[in-house]
Amino acid sequence: MPFPIHRPRRLRRNESLRRMVRETSLTPADFILPLFVCAGYGVRREIASMPGCHQISVDQVVGECREIAELGVPAVLLFGLPERKDEQGSQASAERGPVQEAVRAIKSAALDLIVITDVCLCEYTSHGHCGIVEGGDVVNDSTLDLLAREALSHVRAGADIVAPSDMMDGRVQAIRGALDGNGFDHISIMSYAAKYCSGFYGPFREAADSAPQFGDRRSYQMDPANGREALKEVAMDIEEGADLVMIKPALAYFDLIRQVRDRFVVPVVAYNVSGEYAMVKAAARNGWLDERRVVMEILTGIKRAGADLIITYHAKDAARWLGDDRK
Ligand code: PBG
């Protein structure tokens, strides 16, 4: 056997060659940045476990969004921190809630920015679960109506896309019905279709003050061991009317991002969640890894796995770095 004819290193000799044969490229247009909106005025409170991320009041939102739009990031995903919580999460559909107010503010600033709202009850319920609790259990069907009402209130305020993250069965259909019945058949639904019950949401629960006060979310979020079930969840959500589907978290679920991308034709979104962000930040702060390099590698990997869009707390940094690279 002679020395191999094929020498893959030939195409790695210099950056010009590497760039020419590069299979995956990132752009700021791939990103969606989550924002945490709270009540009050002039609030900009850093989230301890998510350095670089803040809870901000409505008056700060437009400035923040202007910066995001200027970086070429096309969309934000809004989460709300209400002033008070109750058993039913009634503030979720309050006309003057932080999310509704933030949506109105962004839309009246006429920025080139898509506003997506997270539709869930866990930030609004006193028990911290994503639905109504009866006899210690999260009940499905009576939760649907509340989610539909919440989605409708976001859309009435001007949201472009609603993103249900509760994992109740049938919520996409319930929300689609409520939107269509009220003249919003042009508004899209991005469903958290395959959302796993994950330890990687830890920092988010501090950010959104949404930790369950008893038990956990295993009776509604998916078991991390199940892959085929994710395909079923995605198929069901598309059937019910989801326009975009999401896999969440991202890093431990690359196999599903790829399979969903190969089997379905709707845009696939991956959520690079709070714990994935926090791990990178913590290690970088210790000088244990190079933040920029690792972030770009993670985001490129998520895209290579098959994601069309990536929800990530790194969006602003990554967009800036991509801009620097082009100079
Ligand atoms: C609300 C919701 C959660 C996240 C997004 N929407 C938390 C949860 O389900 O416990 C997690 C996002 C993140 O960790 O970045 N249901």
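The rules behind the values
- Residues numbered from 1 in each chain as written.
- Predicted model: local features only at pLDDT ≥ 70, side-chain atom pairs only at ≥ 80, totals over all residues.
- Heavy atoms only, no water.
- Axes fitted to C-alpha atoms, helices over the stretch in contact; angles between N-to-C directions.
- Helix = DSSP H or I, 4+ residues; strand = E, 2+ residues; numbered from the N terminus.
- Parallel < 35°, antiparallel > 145°, perpendicular 65-115°, else oblique.
- Left-handed = near helix turned anticlockwise from the far one by under 90°.
- Contact = heavy atoms within 4.5 Å.
- Buried < 20%, exposed > 50% of the residue type's maximum accessible area, 1.4 Å probe, protein only.
- Pairing = 2+ DSSP bridges.
- 1 Å grid on protein atoms, 1.4 Å probe; cavity = no way out; pocket = protein on both sides within 12 Å on 5 of 7 lines; lining within 4 Å.
- Points joined across faces, edges and corners; volume = space filled by probe spheres on them.
- Nonpolar A, V, L, I, M, F, W, Y, C, P; charged D, E, K, R; others polar.

What about the packing of helix H3 (residues 98-108) against helix H4 (residues 141-157)?
Orientation of H3 relative to H4, taken along the N-to-C sense of each, is 25 degrees, at an axis distance of 8 Å. Classed by the angle they form, the pair H3 and H4 counts as roughly parallel. The element H3 and its partner H4 pack so that their crossing is right-handed. From H3, Val-99, Gln-100, Val-103 and Arg-104 reach across to H4, where they touch Ser-153, His-154 and Ala-157.

So, the pairing of strand E1 (residues 31-38)
Buried residues dominate E1, accounting for eight of its eight residues. Along E1, one buried face is formed by Phe-31, Leu-33, Leu-35 and Val-37 and the opposite face, lined by Ile-32, Pro-34, Phe-36 and Cys-38, is buried too. Of the pairings in the sheet, the one linking E1 to strand E12 (residues 309-312) comprises two bridges and is parallel in character. Following the sheet pairing, Ile-32 is matched in E12 by Ile-311. Two strands pair when backbone bridges link them, and E1 and strand E4 (residues 75-81) are joined in this way by seven bridges, in the parallel orientation. Residue Ile-32 lies in a different strand from E4, and its bridge partner there is Ala-75.

Focus on unusual backbone geometry
Among all residues except glycine, the phi angle is most often negative; among peptide bonds, the trans geometry is most common. Residue Pro-249 follows Lys-248 across a cis peptide bond; omega there is -10 degrees. By the element assignment, Pro-249 lies in the loop between strand E10 (244-248) and helix H8 (254-263). Even without being glycine, Ala-110 reaches a positive phi, approximately 50 degrees. Locating Ala-110 in the fold gives a position in the loop between H3 and strand E5 (114-119). Of note, Asp-209 is a non-glycine position whose phi angle comes to about 50 degrees, a positive value.

Some remarks on the layout of surface pockets
Within this model, the largest pocket holds a volume of roughly 490 Å³. What lines the largest pocket is simply Glu-15, Arg-19, Arg-22, Thr-24, Ser-25, Leu-26, Arg-292, Met-296, Thr-300, Leu-322, Asp-325 and Arg-326. Of all the elements in the fold, those that place two or more residues in the lining of the largest pocket are helix H1 (15-20), helix H10 (291-305) and helix H11 (315-326). Tallied by class, the residues present in the lining of the largest pocket amount to three nonpolar, three polar and six charged. At the level of secondary structure, the elements contributing two or more residues to the lining of the second largest pocket comprise E1, strand E3 (54-57), helix H9 (274-285) and H11. The element best represented in the lining of the second largest pocket is E1, accounting for four residues.

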